[in-house]
Amino acid sequence: MTANIQPQTLNEFIILQQTAFPYAKGDLTRLLNHIGVAAKIVNREVNAAGLADILGKAGKTNIQGEDVMKLDEFANEQFIRVLTSSGEVCGLASEENHDIITFNNNFTKEGKYVVCIDPLDGSSNIDVNVSIGTIFSIYRRITEIGTLPDDRDILQPGTKQVAAGYVIYGSSTMLVYTTGLGVTGFTLDPSIGEFCLSHYNIVTPEKGNLYSINEGYYKQFSPGVQKYLDHCKGKDENSGYSARYIGSMVADFHRNLLKGGIYMYPSTKKQEGGKLRLLYEANPIAFLAEQAGGLATDGKGNRILEIIPKAIHQRVPLFTGSKKMVEDVEGWIKKYG
Ligand code: P6P
């Protein structure tokens, strides 16, 4: 009798999924499990942040010139420590670090993968108890195993990702990821300290009524984006749309992924190239969106995943979510610029 295998935990699911890759030797499996461990460690601090002395600013600014919150620093340190001790990762690009992070020792130089990570996205929400998230993207290295990695390993188009995902630290803590075989969600069960399968094969609705954008920048948006927002507000009392914007992309994207909706961070007069970073925000989110049946573009029909990165912290305009909603806003941009 063959057991009807029902994976319950992240570890069980990843191992089962590995059978779909006949040549896989378990490296990616081990790496994904290490991400789960780091997520649990960060989750513990996020949940305790109100009690422990970990709230507030770390008195530093990151490469983006943004105030580094203590929890940002903690999350960055934990993911770097856990990933490099996995032996699978030879280098990382992090929002919190100017250059790629490498370690000149034989252990990490043998790593087959590089990871791009936003250790704690939505930091401005940390002190006000609003959901925040970690976003990660995994690539096979290009440089020779046993050597120090360099920018070539990191500056790969999103189509080369072998895995991507996010952790959302919200009313519950979830890890959502893809290896190109669909999108799966796991919810942390604190009583056993395991991420348990809760959302198998997430498929995002083709259309929804939720739109997420910072309308405070309305006057800085292009005419096409302004026209789309006017369309969403409708001509009469019932527009059929609802505005939902948390200020943490992971939380906005996750809600829209499940319910149907669109997240937009267009170019503005202040930030011509948009605000979101291509490598560790837009690309992983785009991989997930497409794997769930949605879209992710720059608003002009260019797939985010096909953009060739030129710099680690390169920014990109991002329109992502339900397929028909992304196509709709692109129609307004095509017509009005
Ligand atoms: P604004 C958080 O800093 C972030 O990168 C996304 O998570 C979020 O959607 C966006 O920036 C918020 O930016 O300009 O609306 O405050």
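For the structure given in this document, a descriptive report is provided here.

So, how was this worked out
Residues numbered from 1 in each chain as written. Predicted model: local features only at pLDDT ≥ 70, side-chain atom pairs only at ≥ 80, totals over all residues. Heavy atoms only, no water. Helix = DSSP H or I, 4+ residues; strand = E, 2+ residues; numbered from the N terminus. Buried < 20%, exposed > 50% of the residue type's maximum accessible area, 1.4 Å probe, protein only. Contact = heavy atoms within 4.5 Å. Lys, Arg positive; Asp, Glu negative; His and termini not counted. Charge placed at Lys NZ, Arg CZ, Asp CG, Glu CD. Pairing = 2+ DSSP bridges. Axes fitted to C-alpha atoms, helices over the stretch in contact; angles between N-to-C directions. Near = heavy atom within 4 Å. Polar contact = N/O pair within 3.5 Å; in protein donor to acceptor, adjacent residues only side chain to side chain. Areas by Shrake-Rupley, 256 points an atom, 1.4 Å probe, with all protein chains shown as cover. Nonpolar A, V, L, I, M, F, W, Y, C, P; charged D, E, K, R; others polar. Salt bridge = Lys/Arg side-chain N within 4 Å of Asp/Glu carboxyl O. Phe/Tyr/Trp six-rings, centres within 6.5 Å; stacked < 30°, edge-to-face > 60°. Lys NZ or Arg CZ within 6 Å of the ring centre and 35° of its normal. Parallel < 35°, antiparallel > 145°, perpendicular 65-115°, else oblique. Left-handed = near helix turned anticlockwise from the far one by under 90°.

## Let's talk about the overall build of the chain
From N to C terminus, the chain includes 9 helices and 15 strands. In terms of overall dimensions, the chain has a C-alpha envelope of 60 × 55 × 45 Å along the principal axes. Buried positions account for 53% of the 337 residues belonging to the chain. Summarising the internal contacts of the chain: among those between residues at least 6 apart in sequence, 64% fall at separations of at least 24. Both charge centroids of the chain, one from 34 positive and one from 37 negative side chains, sit 5 Å from each other.

## Thoughts on the environment of E88
Inspection of the secondary structure puts E88 in the loop between α3 (70-84) and β3 (89-94). What makes E88 buried here is its relative accessible area of 7%. With 75 residues separating them along the chain, E88 and A163 place their C-alpha atoms 14 Å apart. Sequence-distant contacts of E88, that is, excluding residues within four places in its chain, are made with D27, R30, L31, G111, K112 and Y113.

## A look at the environment of N283
Mapping N283 onto the fold places it in helix α8 (residues 278-291). When the C-alpha atoms of N283 and C232 are compared, they prove to be 26 Å apart, with 51 residues separating the residues in sequence. Apart from the residues within four sequence positions on either side, N283 is in contact with Y139, Q156, P157, G158, Q161, L278, I304 and L305.

## Side note on the sheet that holds strand β11 (residues 210-212)
Spatially, β12-β11-β13-β15-β14 is the arrangement adopted by the 5 strands of the open sheet, whose pairing is mixed. Each edge of the open sheet carries a strand with a single partner, namely β12 (242-243) and β14 (295-297). Of the strands in this sheet, β11, β13 (261-265) and β15 (318-321) are in contact with helix α7 (residues 249-259), which crosses β11 at around 160°.

## Let's talk about the site of the ligand
Near the ligand lie 13 residues; those nearest to it are D121, Y245, M249, Y263 and Y265. Within the contact set of the ligand, an oxygen atom lies 2.9 Å away from a side-chain nitrogen or oxygen of N214. Residue Y245 places a side-chain N or O atom 2.6 Å away from an oxygen atom belonging to the ligand. Here the ligand loses 85% of its free accessible area of 400 Å² to cover by the protein chains. Residues that form the shell around the ligand fall into these classes: 6 nonpolar, 4 polar and 3 charged.

## Focus on the pattern of salt bridges
One pass over the structure, following the stated rule, counts 13 salt bridges. A salt bridge links R30 to D27; its shortest N-O distance comes to 2.8 Å. With R30 and D27 both in helix α2 (residues 27-48), this residue pair falls 3 residues apart, about one helical turn. Among the residues examined, D27 registers a relative accessible area of 9% and is labelled buried.

## Description of the sheet that holds strand β6 (residues 132-140)
Taken in spatial order, the 8 strands make up an open sheet running β4-β3-β5-β6-β7-β8-β9-β10, and their pairing is mixed. The sheet terminates laterally at β4 (101-102) and β10 (194-199), the two strands that pair on one side only. Bridge count between strand β7 (residues 161-169) and strand β8 (residues 173-178): 6 bridges; the pairing is antiparallel. Across the sheet, residue I168 finds its bridge partner in β8, namely M174. Packed onto the sheet, helix α1 (residues 10-18) meets β8, β9 (183-189) and β10 and runs at close to 5° relative to β8. Along the sheet, α2 makes contact with β3, β5 (113-121), β6, β7, β8, β9 and β10, crossing β7 at roughly 15°.

## Things to note about the packing of aromatic side chains
Under the definition given, this model contains 7 aromatic pairs. Seen in terms of ring centroids, F13 and Y200 are 6.3 Å apart; in terms of plane orientation they differ by 75°. Their pairing is edge-to-face. Here F13 is found in helix α1, whereas its partner Y200 is found in the loop between β10 and β11, with 187 residues between them in sequence. Three or more aromatic residues link up through ring pairs in this structure, and these residues are F13, Y177, F186 and Y200. Sitting above the plane of the Y336 ring, K227 keeps its charged end 4.9 Å from the centroid.

## So, the side chain of S322
Considering the arrangement of structural elements, one finds S322 in the loop between β15 and α9 (323-336). A distance of 2.8 Å separates a polar atom in the side chain of S322 from the backbone oxygen of P205. Once you skip the residues sitting within four places of it in the chain, S322 turns out to touch T204, P205, E206, K207, G208, G260 and G261.

## Things to note about the packing of helix α6 (residues 223-233) against α9
With their axes 7 Å apart at the nearest point, α6 and α9 run at an angle of 130° to one another. Between α6 and α9, the crossing angle belongs to the class labelled oblique. Considering only the axes of α6 and α9, their crossing is right-handed. Between α6 and α9, the contacting residues are P223, G224, V225, K227, Y228 and H231 on the first element and M325, D328, V329, W332, I333 and Y336 on the second. Looking at the contact of α6 with α9 residue by residue, the class counts come to 8 nonpolar, 2 polar and 2 charged.

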